[in-house]
Amino acid sequence: MGSTDISRDAASIMSISLEGILYGFSVFMFLGTIYALTQNRRVQAINHSSLVVALLLLLLSTAHIVVNIIRTEDGLVKYRDSFPGGPEAFFSDVSQTTYLTKNVLYIMQTLLADGVLIYRCYVVWRSTWIIILPCMLWCGVLVTGVYAAYISSQARSNFFGGDLAPWVEAFLVLTIISNLLSSGLLAYRIWVIECSVSTVRTTKSTIVPILRALMDSAILYSAFLFPGLICFLASNIGGIVVLDMAMPIMSIAFYMVLIRIAINRNRPLSTIPRITSGNEQGNPLHYHIEPLQIHVSRITHNDGTSVYGTGTEERLSICKAHSEQENIVSPNFT
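Criteria and thresholds
- Residues numbered from 1 in each chain as written.
- Predicted model: local features only at pLDDT ≥ 70, side-chain atom pairs only at ≥ 80, totals over all residues.
- Heavy atoms only, no water.
- Helix = DSSP H or I, 4+ residues; strand = E, 2+ residues; numbered from the N terminus.
- Buried < 20%, exposed > 50% of the residue type's maximum accessible area, 1.4 Å probe, protein only.
- Contact = heavy atoms within 4.5 Å.
- Core = buried A, V, L, I, M, F, W, Y, C linked by side-chain atoms within 4.5 Å.
- Expected span 1.5 Å × (residues − 1).
- Axes fitted to C-alpha atoms, helices over the stretch in contact; angles between N-to-C directions.
- Parallel < 35°, antiparallel > 145°, perpendicular 65-115°, else oblique.
- Left-handed = near helix turned anticlockwise from the far one by under 90°.
- Polar contact = N/O pair within 3.5 Å; in protein donor to acceptor, adjacent residues only side chain to side chain.

Asks: An account of the side chain of Thr110 is requested, with residue identities and associated values reported.
Replies: With respect to the secondary-structure elements, Thr110 resides in helix α4 (residues 97-125). On the accessibility criterion, Thr110 (0% relative accessible area) is buried. Not counting residues up to four positions away in its chain, the partners in contact with Thr110 are Val141, Phe171, Thr175, Tyr221 and Met250.

Asks: Kindly report on the nonpolar core, identifying the contributing residues and their values.
Replies: If you look at the biggest cluster of nonpolar residues, it comprises 65 residues, and the most contacted ones within it are Tyr106, Leu172, Leu186 and Tyr255. Elements with a minimum of two residues in this core: α1 (8-38), α2 (48-78), α4, α5 (132-154), α6 (164-198), α7 (208-233) and α8 (238-265). A total of 15 residues in this core trace back to one element, the largest contributor, which is α8. Apart from the residues within four sequence positions on either side, Leu172 is in contact with Tyr106, Leu225, Gly228, Leu229, Phe232 and Leu243.

Asks: Tell me about α1, and please be specific about residues and values.
Replies: Side chains of residues three or four places apart in an α-helix project in the same direction, reflecting 3.6 residues per turn. In this model α1 runs 44 Å from its N-terminal to its C-terminal C-alpha over 31 residues, within 8% of the 45 Å that 1.5 Å per residue would give. One or two steps after α1, the chain reaches Asn40, where phi turns positive at roughly 55 degrees.

Asks: Lay out the packing of α1 against α2 with the relevant residues and their values.
Replies: Direction vectors running N to C along α1 and α2 enclose 160 degrees, while the axes themselves pass 10 Å from each other. On the basis of their axis angle, the class for α1 and α2 is roughly antiparallel. Here α1 and α2 pass one another in a crossing that is left-handed.

Asks: So what's going on with the environment of Thr38? Which residues, and what values?
Replies: Mapped onto the elements, Thr38 comes out in helix α1. Classification of Thr38 as partly exposed rests on a relative accessible area of 29%. Once the C-alpha coordinates of Thr38 and His48 are considered, the two residues, 10 residues apart in sequence, prove to be 9.7 Å apart. Within the structure, Thr38 has its side chain in polar contact with the backbone oxygen of Ile34 (distance 2.6 Å).

Shown next, in the form of structure tokens:
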């Protein structure tokens with residue numbers, strides 16, 4: 001095992017302290033999410049799927065920090081003098097029930113977060129082909145996570161020793177790739193839709209803030225996983241600290257997106273201005289299009305359709321682009 005700068009008991013104290021700070025902020029974000037989703041809405045109009053996801057993220061992160069507190073108390077107080085080798089040996093034992101429990105919770109939250117992100121990709125793209133690779137990565141995260149937990153339960157071994165470390169590293173690599181790929185596909189599709197309507201809209205875009213929130217959340221989550229992966233590759237105890245901090249970070253990243261989508265859904269829809277185009281003789285034709293409010297449950301965007309056209313085709317292409325834009329802030333998106 002490589003050398004570490006801090007002992008395992010000190011790392012446990014640092015881990016629970018930093019996780020507690022981030023958990024407090026995630027609770028604040030959760031309350032903001034609930035307020036944004038339920039503000040001035042009847043029960044039937046509330047996005048129940050978003051509420052369920054937000055609640056599950058809170059429950060999993062709460063259970064994780066509670067188990068982490070119990071584990072720290074066991075190692076530093078309860079079994080300090082009775083466990084062979086003291087606190088250092090206790091925190092090195094990966095077969096401890098508290099260790100297994102908190103890592104199972106981490107795997108469950110990772111699968112939930114990645115699954116919601118893949119679902120968002122499907123809603124925006126409306127194609128099963130586009131999510132085949134993200135789904136394969138999600139399955140890889142599931143397999144590596146479950147097998148790593150199984151290895152931990154079989155033997156009393158060091159975290160960086162034996163067969164455990166490679167599976168944890170594979171789990172982190174697949175999680176990072178899945179997160180970046182799904183976020184990239186989602187951001188690209190939203191950007192394409194935004195470009196389709198930007199030339200015919202007079203009001204401020206409501207899609208760009210969602211795009212920024214998606215990218216910020218992906219960067220925030222990946223920014224924590226990359227140092228954790230590096231620590232594991234270097235057999236540094238800091239990797240365990242980073243993974244504990246990643247639990248509330250996952251919740252915060254998704255609350256950011258849910259709040260932004262909920263805020264945009266409460267804004268009035270964009271209006272479409274009068275469009276001017278020319279016919280084959282070069283004479284200008286003027287089409288006045290009244291403000292539209294379109295509610296759709298599926299995307300009908302056609303990448304081959306031009307925003308500009310003549311007569312009925314022009315109006316249909318604009319309406320399709322706007323309907324796609326609305327779908328991003330609709331309940332189906334979350």
